[in-house]
Amino acid sequence: ARVLFGDVDASGRLPLTFPTRLAETPVSTPAQYPGIDGVATYSEGVMVGYRGYDELGLAPRYPFGHGLSYTDFAYADLAIDAPGAPPDAETAAADAAGNAVAVVSFEVANTGKRAGVEVAQVYVGRLPGPTRTPPRQLAGWARVALEPGERRRVSVTVGRRSVSVWDIAVHAWHAPAGTVPVEVGRSSRDLRLSGRFTIR
């Protein structure tokens, strides 16, 4: 009720994707769902959920990570601390296992006339190497409350698992060396900043 009457800002985000119609989803054949003769075929592989929409170029009605607010937010000044050096204290605290591969930082500003809460989301793009990976996948997020006109620097740690693929030969996760694209924004389809970092 407080959200509906505008006493507090809506800060929830969708954990799933809503299609424009049922025929335009990554899982749209009877073999995939509900299955044929009691057998469902998971032919989409790792392209589940919003990853499948991106892979197939399908426009959702409401994308993964979508959410409303009574104010507006702007993003600026993307910086990515590349891997290579041992993690600093802040990174180690965010990633207790010490497996951070990058720290993505940027500025978020409340450009509206009301206080609001933003959930800034960081996505990594296709990973280097021959393994088929999604066009983008969520690597982390940060929730920040801002007064009207306020701006704040936000940092999100990208862990090694977010940039890893499963190696069936050794039965372990492996982060392939190479360049990884990064996008930052309000949802999987409302991306405001882009950059890249290198896994060594």
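Residues numbered from 1 in each chain as written. Predicted model: local features only at pLDDT ≥ 70, side-chain atom pairs only at ≥ 80, totals over all residues. Heavy atoms only, no water.

## Some remarks on the side chain of Asn 110
You can see Asn 110 is positioned in strand β2 (residues 100-110). Excluding its chain neighbours within four sequence positions, the residues that come into contact with Asn 110 are Thr 71, Asp 72, Phe 73, Ala 115, Gly 116, Leu 146, Glu 147, Pro 148, Gly 149 and Glu 150. (Helix = DSSP H or I, 4+ residues; strand = E, 2+ residues; numbered from the N terminus. Contact = heavy atoms within 4.5 Å.)

## Re the nonpolar core
Counting residues in hydrophobic clusters, the biggest one holds 27 residues, and the most contacted among them are Phe 106, Val 108, Val 122, Val 158, Val 163, Val 184 and Phe 197. Those elements that place two or more of their residues in this core are β1 (73-81), β2, β3 (116-125), β4 (136-146), β5 (151-159), β8 (178-185) and β9 (191-199). If you tally residues by element for this core, the top one is β2, at five residues. Excluding its chain neighbours within four sequence positions, the residues that come into contact with Val 158 are Asn 99, Ala 100, Val 101, Ala 102, Val 104, Val 122, Val 124, Ala 139, Val 163 and Phe 197. (Core = buried A, V, L, I, M, F, W, Y, C linked by side-chain atoms within 4.5 Å. Buried < 20%, exposed > 50% of the residue type's maximum accessible area, 1.4 Å probe, protein only.)

## Quick word on the sheet that holds β1
What the three strands build is an open sheet, ordered β1-β2-β5; its pairing is antiparallel. At either margin of the open sheet sits one strand with a lone partner, and together these are β1 and β5. For this sheet, the mean angle separating the axes of adjacent strands, direction not counted, is 25°. Looking at chain direction, β2 and β5 are connected through nine bridges and run antiparallel. Within β5, the position partnered with Ala 102 by the bridge is Val 158. (Pairing = 2+ DSSP bridges. Axes fitted to C-alpha atoms, helices over the stretch in contact; angles between N-to-C directions.)

## Focus on the pattern of salt bridges
Taken as a whole and judged by the stated rule, the model has 12 salt bridges. Close ionic contact of Glu 55 with Arg 126 constitutes a salt bridge, the shortest N to O distance being 2.7 Å. Linking Glu 55 in helix α1 (residues 50-56) with Arg 126 in the loop between β3 and β4, this pair joins segments that are 71 residues apart in sequence. Measuring nitrogen to oxygen at the nearest pair gives 3.1 Å for the salt bridge that ties Asp 77 to Arg 153. With Asp 77 in strand β1 and Arg 153 in strand β5, the pair connects residues that are 76 residues apart, well separated along the chain. For Asp 77, a relative accessible area of 52% corresponds to the exposed category. Residue class for Arg 153 comes out partly exposed when judged on its relative accessible area of 38%. (Salt bridge = Lys/Arg side-chain N within 4 Å of Asp/Glu carboxyl O.)

## Digging into the side chain of Gln 137
Take Gln 137: it is sitting in strand β4. Those residues in contact with Gln 137 that sit more than four places away from it in its chain are Tyr 50, Arg 51, Val 122, Tyr 123, Val 124, Leu 127 and Ser 162.

## Examining the environment of Arg 153
The spacing of Arg 153 and Val 108 is 45 residues in sequence and 6.4 Å in space, taken between C-alpha atoms. For Arg 153, the contacting residues outside a window of four places in its chain are Ala 76, Asp 77, Leu 78, Ala 79, Ser 105, Phe 106 and Glu 107. Reaching out from Arg 153, the side chain makes a polar contact with the backbone oxygen of Asp 77 at a distance of 2.8 Å. (Polar contact = N/O pair within 3.5 Å; in protein donor to acceptor, adjacent residues only side chain to side chain.)

## Overview of the environment of Asp 167
Residue position: Asp 167 is located in strand β6 (residues 165-167). Judged by relative accessible area, which is 26%, Asp 167 ranks as partly exposed. Sequence separation between Asp 167 and Val 154 is 13 residues; the distance between their C-alpha atoms is 33 Å. Those residues in contact with Asp 167 that lie beyond four places of it in its chain are Ala 172 and His 174.

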